[in-house]
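Below, each chain spelled out in residue letters.
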Amino acid sequence: MDVVLDAPRSQPLLPASLCPAEVDVCGGREQGRPLLCEDFLVVSGCRECGGGDSVSHERDRVCCCQEARQEDLQGELESSLFQDTERTWKYELLKQTSQSVAKHILQQSNRTERQMKEEFEQLRRFLREEEEARIAAVREEEERKRRKAKEESKTMGQLMQALADTIRDIEAELERDDVSFLQSYEKTIKRTWKDLQNPKKEFDSLIDVPKHVGNLRFRVWEKMQNICPYTPVTLDPNSASCSLSVSDSLDAACSSSSSSSSHPTHAHQRPLLPPAVPERFHPYAAALGSEGVSSGLHQWDVEVGDSSNWTLGACYASVRRWAEFEACPEEGLWTLSLRDGALLAMMSPCEAVVVPPSPAPDGGRLRQEPALPRVVRVSVDWDAGQVSFSDAERHTHLFTFTHTFTEPLHPYFETICKGRPLVVLPQGVQVTVEELRPPD
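Every chain's residues receive numbers from 1 upward, in the order its sequence appears when written. Predicted model: local features are reported for residues with pLDDT of at least 70 only, side-chain atom pairs are reported and counted for 80 or more only, and whole-chain, interface and lining totals are derived from all residues. The side-chain values count all of the structure's non-hydrogen atoms but skip hydrogen atoms and water molecules.

Colleague: Any details on the sheet that holds strand β7 (residues 297-303)? Residues and values, ideally.
Modeller: The strand order across the open sheet formed by seven strands is β4-β5-β18-β7-β14-β15-β16, and the pairing between neighbours is antiparallel. The open sheet is flanked by β4 (244-246) and β16 (396-402), the only strands paired with a single partner. Within this sheet the neighbouring strands show an average axis-to-axis angle of 20 degrees, counted without direction. The pairing of β4 with strand β5 (residues 252-255) spans three bridges and is classified as antiparallel. When the bridges of β5 are listed, V246 appears paired with A253. In this analysis, strands are considered paired if DSSP registers two or more bridges between them. Put simply, DSSP marks the helices as runs of H or I at least four residues long and the strands as runs of E at least two long, and each gets a number from the N terminus on. Lines are fitted to the C-alpha atoms to define the axes, a helix being fitted only along its stretch in contact, and any angle between axes, read from their N-to-C directions, falls within 0 to 180 degrees.

Here it is in structure tokens:
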């Protein structure tokens, strides 16, 4: 900092030791005086004789040491001392934050490892149960078909014995005299008619191997979808405010001041105390989705239930985190909010959203009072520049923002309602088999 020191000549002189020549006068002249460079705050040579390094400061602002007041120099040092002290406080704060981040990373690692082990244990349990069920099905089919084969073998043995008896009787009849032969002929021939049918071999007598082994891994994976729901949005707990708690499954968020969640499948464990990192929202109880979208159409359903306060939508990742801001497109947010019982499109100024009335339960012409949505569908068409909101249960449109987006959009969640979580609902997954076509 360049400082101009302007002091009256009546101020006391600085000690003569400040002169580079360490003499009161230079060249024996009374008028020789040391100089003070105001730009570099160093003592230079003498004004009269040009001694010392005065030549190097000839273009700088200089004044006589007698003209420089000691109070000004002390004030400059005190200002520098205050700035250094303030920087020390900031360094100490950053040091404490870094130590807190290191501890938090360890807690996150341990907790994440535990969650992963639990998730994989669920998959292993499912695979073990599925394996046991399929092996049991094979053994049941084995037992059933072996028993049937044994019964058929026993039946064939009985038929063979009866046929052997018939053959023996016929041979005996053929050896009898004519009168006896003719008397027993009718009885004998009818007995042979009964044995003329050939035995029939039934199909499906062996184990149906393709039924049990064919595409086994694919069919198990397909069935696994029942225990592996897909949620289109995963919340980022690193962006969540200290006053917002994200579930372990990363698909629900609620006010962290509530002791428990009303959603039974999203039980909240004791939340980790997060460090004050730049990506975390403060003071708003908000969180972002972990992945942004920069092309195409994306949709997700959020169950708000009977929550009395929520804000949903999309925003830029560059939105301010550690400062108060107005949730509007000018700040990089396109959101719909429920506040004080009113549904608002967060603009500048806010615009009230008219909720369509619900039809009467009996299907008549009478309509009920407008009902607030319990499941909100957020649709982001990045290419078309639209963020739309609708009631997913009643399939009614609520509001649409139109804007030319320049950055990826992240899902935005905010709530201060206690005990009423915002839950991202899972979506169905369809598997499409590639259609093979003959070459042209």
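Colleague: So what about the sheet that holds strand β17 (residues 409-414)? Which residues, and what values?
Modeller: Taken in spatial order, the six strands of this open sheet run β6-β17-β8-β9-β10-β11, and their pairing is antiparallel. Both edges of this open sheet fall to β6 (286-288) and β11 (351-352), since each of them pairs with a single strand only. Where strand β10 (residues 342-345) meets β11, two bridges bridge the pair, whose relative direction is antiparallel. Looking at the pairing, L344 lines up with A352 of β11.

Colleague: Account for the pattern of salt bridges, with residues named and values stated.
Modeller: Here, a salt bridge means any Lys or Arg side-chain nitrogen found within 4 Å of an Asp or Glu carboxyl oxygen. Taken as a whole and assessed by the stated rule, the structure comprises 16 salt bridges. Here D165 and R168 are joined by a salt bridge, their closest N and O atoms 2.8 Å apart. Placement of both D165 and R168 in helix α1 (residues 70-174) is noted, with a separation of three residues, approximately one turn of the helix. Whether a residue is buried, partly exposed or exposed follows from its accessible area with a 1.4 Å probe, protein chains only, as a fraction of its type maximum: under 20%, in between, or over 50%, in that order. Among the residues examined, D165 registers a relative accessible area of 21% and is labelled partly exposed. Residue R168 is classed as partly exposed on the basis of its relative accessible area, which comes to 47%. Connected via shared salt-bridge partners are E121, R124 and R128.

Colleague: Give me the lowdown on the pairing of β7, citing residues and values where you can.
Modeller: Two faces make up the sheet, and in a regular strand the side chains alternate between them. Looking at chain direction, β7 and strand β14 (residues 375-381) are connected through seven bridges and run antiparallel. The residue bridging V302 from the neighbouring strand is V376, located in β14. Here two bridges tie β7 to strand β18 (residues 422-424), and the two strands are oriented antiparallel to one another. When the sheet's bridge partners are listed, V302 is paired in β18 with V424.

Colleague: Hey, could you go over the side chain of K145 for me, with residue numbers and the actual values?
Modeller: When you line up the elements, K145 lands in helix α1. A distance of 2.9 Å separates polar atoms of two side chains, one belonging to K145 and the other to E141. Only heavy atoms matter for contacts: two residues are in contact if any of them lie within 4.5 Å across the pair. Ignoring sequence-local partners within four residues, the contact set of K145 consists of D204, S205, L206, I207 and D208. Whenever a nitrogen or oxygen atom comes within 3.5 Å of another N or O atom, the pair is scored as a polar contact, on the condition that within protein one atom can donate a hydrogen and the other can accept it, and that pairs from neighbouring residues in sequence are kept only if both atoms are in side chains.

Colleague: Explain the side chain of T311 to me, and be specific about the residues and the numbers.
Modeller: Take T311: it is sitting in strand β8 (residues 310-316). For T311, a relative accessible area of 1% corresponds to the buried category. The contacts of T311, once residues within four sequence positions are left out, are T335, L336, S337, R339, Y412, F413 and E414.

In short, shape yes, function no, at least from these values alone.
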